[in-house]
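Structure assessment
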Amino acid sequence: MWYRLGQFIIKYRFSLLLLLILSTGIMTYYATQVKLSYEFTRAIPTDNPKYQDYQSFLKKFGGDGNMMVVGFDSDSFYQTTYFNEVAQLHQEIKKIKGVTGILSIPDAVSLRNDRENAKLVPEKIFNTPYTDQAVLDSNRMIFENLPFYKTLLYSDSSHSYLMGISVNGDTINSKSRTRLINDIIAQLKLFEDKTGSTLHISGLPYIRTTIGNRIKDEMNWFLIGSLLLSAITLLIFFRSFSTMFMSLIVVGIGVVWSLGTIVLLGYKITLLTALIPPLIVVIGIPNCIYFLNKYHTAYRDTGDKEKALVTMVGRMGIVTLFCNIAAAIGFAVFALTKSALLQEFGAVAGINIMALFLISLIFIPVVLSYIKPPQPKHVRYLDNKFLEKLLVRIERWTFQHARWVYGVTIVISVVAIAGLFRLKSEGFIVDDLPKQDKIYTDLKWFEQNFGGVMPLEILIDTKKKNGLLRTTQPISKIDELSAYIGATPEAARPLSFAEGLKFAKQAYYDGDILSYAIPYEGDLAFMGPYLRQSGDSGKTAETGVSKIISNFMDSSKQVARITVNMKDVGSVKLPLLIADYEKKAKEIFDTASYHISFTGSSITFLEGSSFIIKGLKESIFWAFLLITICMLYLFRSIRILFCSLIPNLIPLLITAGVMGWVGIALKPSTVLVFSVALGIAIDVTIRFLINYKQELPHYNYQVPQTLVQTIQHTGISIIYTSLVLIAGFIIFCISDFGGTKALGWLTSLTLITGTLTNLILLPVLILHLRKKTKK
């Protein structure tokens, strides 16, 4: 069948090439329409309780995680020159499109009790620009007499001050986010140049945008670098520019088709689907090498180009098909998960890995049929003396030192298993960054001085309309829970409408600092008219205390919101911390009268990471199971199936063990290594075993002689493929991101171990588990 297919491809080569070019042209058009996705909750299934809680929160309060923070660390903050510059910075940032509000010390207000009109009137504390230091010092005393701002805008234990910049949620979740963040950064740079100081910058909008852009830029450069190194390696091996360009065109077409598929399926590029182009290179380059290796071998044996091409398709077509099927299964199983992020990745990867097989099957023999036959220098690599000696040594290990092979394998496996038990699954929002990176150091500065910047939201539902203000009981309970959370070292002082009421009570009693406390029932009776201020339109005026209160309760005054800024405590500690807060909340609030839910961007982000890790683990299991079934169908032998599984399990085990010993945690960026590793290892196994199966009848089913022939013929292409892929992956090791760096060197490690287990252990297993009689 495959030989006839080879003849068909050569016969209709022009039509097939034209069809491929037209298809690629169409896919190129769609590829140009591809867009980036800026959503961060799609990793979680829509029926997940945490996803539903977050969506409910968004409907009531509009969003969280839209605050960018700027930190000032200066002894001169209250010097007139510096303070005036801060005020000017406030005004300049306020003009930027996409900035919805700024909270800073120069714009802070106090509340004046207007008894005649029964109003709390907001008044600016600071009036810039200042020329008199004494006036500024006087205003500073008024400001620091307001506990509401303490730990919110300044830290009294250090010379640390904060500016909060609210950004539009739609803008920060679109491609305009880079422009918005860059505009803000530009103003901050101007301030630093004017004052000679260094600012600290953080907040989820800034972290997400900056890291996302860095990863995108790195992936583009690394894809180019990976292709370049692969090209150089191919040129060194095959000594042919035409062969090198042909291989690069194959993977290039595959990349274009993958981007076009994303658009045709209605998807956008995410941090996961952005990995598909490098994966296409990983799978496409071996396809090219194995086809070319077989073509060169057949041509050297026959001297007939057309026969060599037919032989290439006939012998390697089925091999490449099943290798790509195995790889496609490894990634397509992600589409069976409930996560939209993983579903998209699995669907696009699975489809395009199979498409890559068709591209390779058509393009390579057709192009080879048009170009000149290989010259002696092009096939010289087949007689590489060093590799021949290495393969002879592998033969010796197989036939004479099997016990040593088993012994070394067992020892390494035991050490790897020990490392496996040290492997932990933990993720942080910025854990992929180097500890000296400014994003990381600035985040730690905010955690040290202001308790953190990662948003946690707590919703208290009284289950009754106006239930929050009927009595002071809900207010006192909210304040009690806030005090408990604020006392933990992992959280900053929580904000809620209870803090707004304290601010209002202090103002009602003419700024008495001792009056900054929860109002009593009697206080509310007197303060009622102040809290029910209305504008001419009859709607609540969004100024003063009314604005503070309205931001922390819904319009029906049934649901209250407690906003907490936390440290980046990680996916292991955060659930324990939330469980502790939930336990305390149940002690304070009667669950029959209140419903308490914990949500926010921090929870959904880490929940998404945990879900991706869980999905990847399950997908690897199902992929291994489906590949096992595929191998059983292909070889129809339990004995061969067993022989094929062991060399694939060991590289995965070694990779996991190394991660445990080195201290690399399981997270989305590292657990993907196992999927890539499985695809690489099984690819080599299938190629070796199919070649073994094809050669077996030619050697009268004599296993030893067949193994020698298989090692000699398949070993060279396996080694060359591994070297090219290592060259493609090793470039990722220079990344600034821990996950990308781990992907590079762990995948390279897997390539090495997969090559060794398939060239050394697999023949040993076949030899010792062979049937004693003719098949």
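You'll find the structure just up there.
Overview of the structure. (Residues numbered from 1 in each chain as written. Predicted model: local features only at pLDDT ≥ 70, side-chain atom pairs only at ≥ 80, totals over all residues. Heavy atoms only, no water.)

1. Quick notes on the sheet that holds strand β10 (residues 595-599)
The three strands lie next to each other as β9-β8-β10, forming an open sheet whose pairing is antiparallel. The sheet terminates laterally at β9 (559-566) and β10, the two strands that pair on one side only. Geometrically, the sheet is characterised by an average inter-axis angle of 20 degrees between neighbouring strands, direction not taken into account. Of the strand pairs in this sheet, strand β8 (residues 454-461) and β9 are connected by eight bridges, and their pairing is antiparallel. The partner of Ile458 across the bridge, within β9, is Ile562. (Pairing = 2+ DSSP bridges. Helix = DSSP H or I, 4+ residues; strand = E, 2+ residues; numbered from the N terminus. Axes fitted to C-alpha atoms, helices over the stretch in contact; angles between N-to-C directions.)

2. Re the environment of Ile680
Along the polypeptide, Ile680 turns up in helix α23 (residues 668-695). The exposure class of Ile680 is buried, given its relative accessible area of 8%. It is 65 Å that separates the C-alpha atoms of Ile680 and Lys124, two residues lying 556 residues apart in sequence. Setting aside residues no more than four positions away along its own chain, Ile680 makes contact with Val282, Thr747 and Leu751. (Buried < 20%, exposed > 50% of the residue type's maximum accessible area, 1.4 Å probe, protein only. Contact = heavy atoms within 4.5 Å.)

3. Quick look at helix α10 (residues 276-302)
Compared with an ideal rise of 1.5 Å per residue, which puts 27 residues at 39 Å, α10 spans 39 Å between its outermost C-alpha atoms and is within 8% of the ideal. Of all the 27 residues making up α10, 24 are buried; the element is thus mostly covered by neighbouring parts of the structure. (Expected span 1.5 Å × (residues − 1).)

4. Looking at the pattern of salt bridges
For side chains of opposite charge, pairing can occur when their charged atoms come near one another. Counted according to the given criterion, the structure contains 16 salt bridges. A salt bridge links Glu447 to Lys444; the shortest N-O distance between them is 3.0 Å. Of the two residues, Glu447 and Lys444 both sit in helix α15 (residues 438-450), three residues apart, roughly one turn of that helix. A relative accessible area of 8% means that Glu447 is categorised as buried. With a relative accessible area of 28%, Lys444 lands in the partly exposed category. With a shortest N-O distance of 3.1 Å, Glu490 and Lys573 are connected by a salt bridge. Taken together, the positions of Glu490 in the loop between α16 (473-486) and α17 (497-508) and Lys573 in helix α20 (residues 570-588) put the pair 83 residues apart, joining distant regions of the chain. Owing to a relative accessible area of 12%, Glu490 belongs among the buried residues under this scheme. Three or more residues are tied together by salt bridges with common partners; here these are Asp479, Arg493, Glu499 and Lys502. (Salt bridge = Lys/Arg side-chain N within 4 Å of Asp/Glu carboxyl O.)

5. Describing the packing of aromatic side chains
Think of a pair of aromatic rings as described by two things: how far the centres are apart, and how the planes are tilted against each other in angle. All chains considered together, the criterion is met by 32 aromatic pairs. A centroid spacing of 5.5 Å and a plane angle of 85 degrees characterise the contact between Tyr82 and Phe191, whose relative ring orientation is edge-to-face. Here the residue Tyr82 occupies a position in helix α4 (residues 80-94), and Phe191 occupies one in helix α7 (residues 177-195), the gap between them amounting to 109 residues. Residue class for Phe191 comes out buried when judged on its relative accessible area of 3%. Taking NZ or CZ as reference, Arg13 lies 4.2 Å from the ring centre of Tyr370, over its face. (Phe/Tyr/Trp six-rings, centres within 6.5 Å; stacked < 30°, edge-to-face > 60°. Lys NZ or Arg CZ within 6 Å of the ring centre and 35° of its normal.)

6. Quick look at the environment of Phe126
Residue position: Phe126 is located in the loop between β4 (119-124) and α5 (133-144). Each C-alpha atom, one on Phe126 and one on Leu264, is 56 Å from the other, the two residues being 138 residues apart in sequence. Leaving out residues up to four positions away in the same chain, Phe126 has contacts with Tyr78, Phe83, Ile105, Pro106, Ala108, Leu136, Asn139, Arg140 and Phe143.

7. Looking at unusual backbone geometry
Omega for the bond connecting Thr128 with Pro129 falls within 30 degrees of zero, at 0 degrees, which places this linkage in the cis form. Note on placement: Pro129 falls in the loop between β4 and α5. Despite not being glycine, Thr151 shows a phi value in the positive range, around 70 degrees. Take Thr151: it is sitting in the loop between α5 and β5 (154-155). Here the phi dihedral of Lys463 falls at roughly 65 degrees; this positive angle occurs in a residue that is not glycine. Along the chain, the position of Lys463 falls in the loop between β8 and α16.

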